[in-house]
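# A structural walkthrough
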Amino acid sequence: MRASTAPFVLRRAGFAPRWDAARAVYTGCGVGGEVALTLEAPLQRAAEAVLMQAPGIAGAVVVLEAASGRVLVLAERGAAAAGWGSLALEPFPAASLFKVASAAVALEAGLRPASVIRYRGWRRERGPTTASRWLDVRGITLARALACSHNTAFARLTPSPVTAAGLRGCAARLGFGRQLPFDAAVGVSRADIDDDPRDLAEAAMGFGCVTISPLHAAAWFGAIADDGRRARPRLVSSGEVAGGGETRVLLAETARDLRQMLAETVHRGTARRAFRPLLGRLPAALAICGKTGSRTAWRGRPGISWFSAALIGAGPPLGLACLLLGDGLTRAPAAEVVARWMELCRPWTRDPGR
């Protein structure tokens with residue numbers, strides 16, 4: 001486990017908050033003893049319950065308040081058995097989550113959600129990336145390409161308007177390449193983006209050397225929920241934390257456009273099956289702006305399923321991330337976990353003043 005000078009220190013076996021019934025708060029092992037945590041009991045318990053029923057060998061759910069950075073849920077299962085100190089704080093391949101960064105670069109370069117991308121081939125193909133474009137007779141909007149995680153369309157965004165320099169710059173603003181400030185040591189998310197056209201296209205699709213932790217993913221989508229402002233995530237409720245407060249990582253207009261496009265993921269995109277039973281029972285004002293990601297087992301490592309989202313419109317905006325590890329993870333199981341969690345705890349009904 002990495003050494004940390006932060007006031008909260010995770011156990012080697014994984015994150016294990018304890019419920020203090022007398023104080024009605026979760027506590028954790030700090031440098032100076034027990035410290036009160038920001039976790040909210042109904043949300044945390046619901047996440048623990050759905051993870052116990054989730055497929056795969058391990059999983060994690062992180063939920064935070066976008067504006068304050070308060071971590072409301074930090075739940076995980078199977079981390080110790082799989083050999084990780086804390087699944088929620090370790091980086092894993094970002095897969096198609098990184099398409100959101102590619103979409104942000106395209107938007108800041110002048111494209112709109114309704115802009116049409118010309119391509120050839122099929123949605124799940126990883127290419128063609130460098131071939132002549134005169135045979136690109138198919139078309140799809142940027143919004144639809146993000147909602148259905150269209151690999152070939154995102155490859156065709158490179159090398160213009162999604163340039164290597166632009167994608168590296170966006171990744172740096174989002175916090176890739178440096179440790180995320182937090183109350184415990186967090187694994188550094190990576191975004192190794194090469195100038196080679198084929199490598200750039202791979203990165204834009206989410207297949208390059210790009211990794212992210214669930215905590216970082218939740219903070220990223222919290223920034224999308226809060227018009228591009230990312231608050232420092234915090235788990236210790238005393239507020240005695242190192243580091244600064246808000247950081248602008250996206251333009252406000254870009255964040256709003258991303259929310260519009262990501263909402264399509266739940267209604268007509270890769271997460272539609274997971275959320276279809278729930279949508280009719282949600283408050284009309286609530287928007288779930290999410291993105292799925294997946295990667296099959298590779299080099300002896302388990303497969304991955306991601307779902308990260310911004311929840312806005314009913315109560316304080318939230319950022320969340322769910323990661324599942326295992327073989328045979330099909331049909332966006334991480335999105336199904338989040339849908340079950342929302343149905344169980346109804347986060348839009350929480351009292352933010354508690």
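Every residue gets a number counted from 1 within its own chain, in the order that chain's sequence is written. Where totals are concerned, whole chains, interfaces and linings use all residues; where local detail is concerned, this predicted model gives features only for residues with pLDDT of at least 70, and gives and counts side-chain atom pairs only at 80 or more. Side-chain measures were taken over the full set of non-hydrogen atoms in the model, leaving aside hydrogen atoms and water.

Let us now look at the sheet that holds strand β4 (residues 58-65). Within the open sheet, the five strands sit side by side as β5-β4-β15-β14-β13. Their pairing is antiparallel. If you trace the sheet from one side to the other, it starts and ends with β5 (71-77) and β13 (287-295), each paired once. Going from strand to strand, the sheet's axes swing by 5 degrees on average, the running direction of each strand aside. Here helix α1 (residues 41-52) sits on the sheet in contact with β4, β5 and β15 (318-326), set at roughly 25 degrees to β5. Pairing between strands requires that DSSP locate at least two bridges from one strand to the other. Each helix corresponds to a stretch of at least 4 residues labelled H or I by DSSP, and each strand to a stretch of at least 2 residues labelled E; elements are numbered beginning at the N terminus. For helices, the fitted axis covers only the stretch in contact; all axes are lines through C-alpha atoms, and the angles between them, taken along N-to-C directions, range from 0 to 180 degrees. Contact criterion: two residues are considered in contact whenever any of their non-hydrogen atoms come within 4.5 Å of each other.

What follows concerns the confidence of the model for the protein chain. Note: predicted coordinates in regions of low pLDDT should not be interpreted at a detailed level. Within the protein chain, residue pLDDT values average 86, and 85% of them lie at 70 or more. Every residue gets a pLDDT, meaning the predictor's confidence in that residue, from 0 to 100. Confidence drops under a pLDDT of 50 for residues 1-14, and excluding neighbours within four residues, the segment shows 49 contacts in the predicted structure. Segment residues 240-244: pLDDT under 50, and seven contacts once partners within four positions in sequence are set aside and those in other chains are kept.

Moving on, we get to the side chain of S213. Locating S213 in the fold gives a position in the loop between β10 (209-212) and α8 (214-225). If we skip the residues at most four places from it in the chain, S213 touches A88, L89, E90, P91, V186, S189 and W306.

Now for the packing of aromatic side chains. Only the six-membered ring of Trp is used, alongside the rings of Phe and Tyr, when aromatic pairs are assigned; centres must lie within 6.5 Å, and planes under 30 degrees apart are stacked while those over 60 apart are edge-to-face, with the rest tilted. A full pass over the atoms with the stated rule returns four aromatic pairs. Residues F98 and F176 carry aromatic rings whose centres are separated by 5.6 Å and whose planes lie at 85 degrees to one another, so their mutual orientation is edge-to-face. With F98 in the loop between β6 (92-93) and α3 (99-108) and F176 in the loop between α6 (164-173) and β9 (191-192), this residue pair connects regions lying 78 residues apart in the sequence. Across this residue pair, the class does not change: F98 and F176 are buried. Pairing F275 with F307 gives two aromatic rings, centres 5.4 Å apart and planes at 40 degrees, and the pair type is tilted. Taken as a pair, F275 in helix α10 (residues 272-279) and F307 in strand β14 (residues 303-312) lie far apart in primary sequence, 32 residues in all. Aromatic ring contacts, followed pair by pair, group F98, F176, W220 and F221 into a single cluster. To sort residues, take the accessible area from a 1.4 Å probe on protein chains only and compare it with the maximum for the residue type: under 20% means buried, over 50% means exposed, and anything in between is partly exposed.

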